[in-house]
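Here is what each chain is made of, one letter per residue.
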Amino acid sequence: INVVSKSAKETQGIYASGAAGTLLDEFGEIRYGGRIDKNIFFRVYGQEFKQKSAVLSGIAADTINNAWKSNQRGFRMDAFPTDKTSITLQGDSYDGDANSATSRTVTDGRNILARATHNFSDKSDLKVQLYYDHAFRESPNGASKFRYEIDTYDTDFHHSFPIANIHDVIWGSDSRFQQERKQ
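All of these numbers come straight from a predicted model, not from anything done at the bench.

Analysis parameters
Numbers given to residues run from 1 along each chain, matching the order in which its sequence is written. In keeping with the predicted nature of the model, local features appear solely for residues at pLDDT of at least 70, side-chain atom pairs appear and are counted solely at 80 or more, and the whole-chain, interface and lining totals rest on all residues. Values shown for side chains rest on all heavy atoms present in the structure; no hydrogens or waters enter the calculation. Helical segments are the DSSP runs of H or I of at least four residues, strand segments are the runs of E of at least two, and each set is numbered from the N terminus. To sort residues, take the accessible area from a 1.4 Å probe on protein chains only and compare it with the maximum for the residue type: under 20% means buried, over 50% means exposed, and anything in between is partly exposed. Contact criterion: two residues are considered in contact whenever any of their non-hydrogen atoms come within 4.5 Å of each other. Surface patches are defined over residues having more than 30% relative accessible area and no salt bridge, joining like charges when they lie within 9 Å and nonpolar side chains (Val, Leu, Ile, Met, Phe, Trp, Tyr) when within 5 Å. Per-residue and other accessible areas follow the Shrake-Rupley method at a 1.4 Å probe size, with only the shown protein chains counted as cover for residues. Any carboxyl oxygen of Asp or Glu within 4 Å of a side-chain nitrogen of Lys or Arg constitutes a salt bridge here.

1. Observations concerning unusual backbone geometry
And step 1. Here the phi dihedral of Ala164 falls at roughly 55°; this positive angle occurs in a residue that is not glycine.
And step 2. Relative to the helices and strands, Ala164 resides in the loop between β8 (146-163) and β9 (167-182).
And step 3. A positive phi angle, close to 55°, is found at Asn165, a residue other than glycine.
And step 4. Here Asn165 shows up in the loop between β8 and β9.

2. Regarding the environment of Phe41
And step 1. Assignment of secondary structure puts Phe41 in strand β3 (residues 40-51).
And step 2. Phe41 sits in the buried class, given a relative accessible area of 4%.
And step 3. The sequence separation of Phe41 and Lys9 amounts to 32 residues, and the corresponding C-alpha distance is 5.4 Å.
And step 4. Ignoring any residue separated from it by four or fewer positions in sequence, one finds Phe41 in contact with Ala8, Lys9, Gln12, Gly34, Arg35, Arg76, Met77, Asp78 and Phe80.

3. Brief notes about a nonpolar patch on the surface
And step 1. On the surface, a cluster of nonpolar side chains totalling about 790 Å² of accessible area is made up of Ile14, Ile30, Tyr32, Ile36, Val44, Phe75, Met77, Leu89 and Ile112.
And step 2. Only β2 (24-37) and β4 (68-82) provide two or more residues apiece to the nonpolar patch.
And step 3. Per-element tally for the nonpolar patch: the top contributor is β2, with three residues.
And step 4. When you line up the elements, Ile30 lands in strand β2.

Below, the structure is given as structure tokens:
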């Protein structure tokens, strides 16, 4: 899994945002980044999103219950033990639910990622990454009841280096294992 985001070192301080409207009930997020040591940085965040039920044209003043909401929170920590080595640990979790005219769906999940990178030079580096993700979805009511869970385990190894200043060699390996449960 290759997701690029800013390091915790680049997101220091506090950030907050919010919104509300006629259809959007509320949205809010807050993030705080700090320093533990001269070479260790962190950030934590939380978000909440709620959307009201939409009023459909032609339906007498009633609304169909299609409101939904989502919450997410997480952290990231970056350590730089040397000027050529970085270590990242980050994780997120979320939960929410969505309604339709006939059912309600509940979601839940979490993930964690650990990555170590060592730069041998401007053109040569070594990266090792481990990732775990758990996702859950359930519709406990309605005509088509179901429950679904999936766990994903991923490992990634990547090494790049130049040959004779005219070729770049990139090699590595990746493995992924997924375990599903359905009802």
